[in-house]
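Each chain, written out:
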Amino acid sequence: MADLQHILDDIAHDMAGATERGRIADYIPDLAAVDPRHFGIAVVDADGRTFLAGDATTRFSVQSITKVFSLTMALGTTGDALWQRVGREPSGTAFNSIVQLETEQGIPRNPFINAGAIVIADVLLARHEPRETIAEFVRFIRQLTGDDSIVIDRHVAAGEQATGYRNVALANYMRAFGNIRHPVEKVLGTYFHQCALAMDCRQLAMAGRYLMMGGTDPETGRSVVTSQRARRILALMLTCGHYDASGDFAFRVGLPGKSGVGGGILAIAPGSASIAVWSPGLDAKGNSLLGRRALERLVQHTGWSVFEPMACVMPDNRP
Ligand code: DON
């Protein structure tokens, strides 16, 4: 494999010159103002080395990528009982769709569509008021990254709170089925603030390290989740992390990934790398257009794939 830094530099160079860049998400007021020319990529490998290119240290709105971390927290507090309230199937519908909730009695298909993440926010509220819940969430992200500078962009949260009518509809609809247990305003306040987390690619790749390392934080040696739970979170990222484009992402990239409408994608090569990429322009399904293209390029060069023959080694042959 060519030198990873060179690969990233080449990708960043080509993406900087790309003319087709997708469309910025403008339904969240602050996101509409982001410069579409940004592109950043960061890779943290299993040895702790960090490789950066482009705008890898420019912060952006993490949005739905935070759903990976809120799911991790909710599994920690409620365990597998969580799956009585949220499914584990790809939805095949848009991230903000309401259609399946009627026939499926207010149980969202998975924790990564908006409806599922709103239920997760409700689960997290079982222990605290929204303010403490959000503080606990930020603390968790700071622990994962070892970076205390990470904060929520309150302006982004306020903008979504003022305009997020679809999410209001989703939350009320699920409340009618009894699958939201706290006042809708509190649940959505928590959800919108979680989504408004601001991070750069480097920080995001650092936050994903426990998923690369079978649930263990490589810095502290502390178990964030069990290895089985890490595998299951990755399975959900692969099957549901890109909404109705999850199959296409698995086909093209072959790694578990989670996208956000801020234009970020977190992708994990288990045992090898935690990768974050950012380009604000989105494709028709709401996923970063150049982010996905960059990941396709990266895996072509590195061979990283969960479908790679050596990805499943017989237990006797494990190091
Ligand atoms: O609820 C929303 O619509 C946003 N806060 C998050 C959506 C999102 O990031 C979907 N990702 N592609």
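To start, this report covers the structure provided alongside it. (Residues numbered from 1 in each chain as written. Predicted model: local features only at pLDDT ≥ 70, side-chain atom pairs only at ≥ 80, totals over all residues. Heavy atoms only, no water.)

1. Comments concerning the overall build of the protein chain
Filter applied, for reference: The way it works is that DSSP assigns letters per residue, a run of H or I at least four long becomes a helix, a run of E at least two long becomes a strand, and they are numbered from the N terminus. This radius of gyration counts C-alpha atoms alone. The globule rule is 2.2 Å times how many residues there are, raised to the power 0.38. Relative accessible area decides the class of each residue, using a 1.4 Å probe on protein chains only: under 20% of the type maximum gives buried, over 50% gives exposed, and in between gives partly exposed. What makes two residues a contact is simply this: any of their non-hydrogen atoms within 4.5 Å. The protein chains shown are the only cover counted for residues, whose accessible areas, like all others here, come from Shrake-Rupley with a 1.4 Å probe. When charges are tallied, Lys and Arg are placed among the positive residues and Asp and Glu among the negative ones, while His and the ends of the chain are skipped. The atom standing in for a charge is NZ when the residue is Lys, CZ when it is Arg, CG when it is Asp and CD when it is Glu.
The helix and strand tally for the protein chain stands at 13 helices and eight strands. In terms of overall dimensions, the protein chain is globule-like: its C-alpha atoms have a radius of gyration of 18 Å, near the 20 Å expected for 319 residues. Residues counted as buried form 55% of the 319 residues belonging to the protein chain. Of the contacts made within the protein chain by residues no fewer than 6 positions apart, 69% connect residues no fewer than 24 positions apart. Carbon and sulfur atoms provide 52% of the accessible area of the protein chain, an area that totals close to 13500 Å². With 31 positive and 33 negative side-chain charges, the protein chain shows a spacing of 5 Å between the two charge centroids.

2. Looking at the sheet that holds strand β7 (residues 264–269)
The condition that has to hold: Paired strands are those between which DSSP finds at least two bridges. Axis lines are fitted to C-alpha atoms, over the contacting stretch for helices. Their N-to-C directions set the angle, which ranges from 0 to 180 degrees.
Strand order in the open sheet formed by five strands is β2-β1-β8-β7-β6, with antiparallel pairing between adjacent strands. Both outer strands of the open sheet, β2 (50–54) and β6 (257–259), are each paired with one neighbouring strand and no more. Averaged over all pairs of adjacent strands, the angle between strand axes in this sheet comes to 10°, irrespective of strand direction. Of the strand pairs in this sheet, strand β1 (residues 40–45) and β2 are connected by five bridges, and their pairing is antiparallel. Directly across from Val44, in β2, lies its bridge partner Thr50.

3. Structural notes on helix α1 (residues 4–16)
What counts is decided by this rule: The length a helix should cover is 1.5 Å for every residue beyond the first. The arc in question is formed by the directions pointing from the helix axis toward the C-beta atoms.
Helix length check: α1, at 13 residues, gives a terminal C-alpha distance of 18 Å against a target of 18 Å (1.5 Å per residue), a fit within 8%. For α1, the set of buried residues is Leu4, Ile7, Leu8, Ile11, Ala12 and Met15. The buried residues of α1 occupy an angular sector of 130° when projected down its axis, which confines them to one face. Seen from the open side of α1, the exposed residues pointing more than 90 degrees away from its buried face are His6, His13 and Ala16. Lining the buried residues of α1 we find β1, β2 and α13 (289–302).

4. Observations regarding the packing of helix α2 (residues 66–78) against helix α11 (residues 227–240)
Rules: These descriptions rest on fixed angle ranges, namely under 35 degrees for roughly parallel, over 145 for roughly antiparallel, 65 to 115 for roughly perpendicular, and the rest for oblique. Crossings are assigned a handedness: left-handed for a near helix turned anticlockwise from the far helix by less than a right angle, right-handed for a clockwise turn. Basically, the charged four are Asp, Glu, Lys and Arg, the nonpolar ten are Ala, Val, Leu, Ile, Met, Phe, Trp, Tyr, Cys and Pro, and anything else, Gly included, counts as polar.
At a minimum axis distance of 11 Å, the contact between α2 and α11 shows a crossing angle of 140°. Relative to α11, α2 is oriented oblique. Crossing of α2 against α11: the hand is right-handed. Every residue of α11 that contacts α2 at Val68, Leu71, Thr72, Leu75 and Gly76 is listed here: Arg229, Ile233, Leu236 and Met237. Among the residues making up the contact of α2 with α11, the classes are represented as six nonpolar, two polar and one charged.

5. What to know about unusual backbone geometry
Of note, Gln63 is a non-glycine position whose phi angle comes to about 50°, a positive value. For Gln63, the location among the structural elements is in the loop between β3 (60–61) and α2. One non-glycine residue, Tyr243, lies in the positive phi region at around 55°. Within the fold, Tyr243 resides in the loop between α11 and α12 (246–252).

6. So, the sheet that holds strand β4 (residues 151–152)
A sheet is described by the order of its strands in space; here three strands give the open sequence β3-β5-β4, paired in antiparallel fashion. Sheet topology places β3 and β4 at the edges, where each strand pairs with a single neighbour. As paired strands, β3 and strand β5 (residues 197–199) are joined by two bridges and run antiparallel to one another. Considered in β5, the bridge of Phe60 is made with Met199.

7. Things to note about the side chain of Arg209
The criterion, for reference: In protein, a polar contact requires one atom able to donate a hydrogen and another able to accept it; more generally it is a pair of N or O atoms within 3.5 Å, and residues adjacent in sequence count only if both atoms are side-chain atoms.
Inspection of the secondary structure puts Arg209 in helix α10 (residues 209–212). Within the structure, Arg209 has its side chain in polar contact with the side chain of Glu219 (distance 2.8 Å). Apart from residues lying up to four places away in sequence, Arg209 is in contact with Val44, Leu144, Thr145, Thr216, Asp217, Pro218, Glu219 and Ser274.

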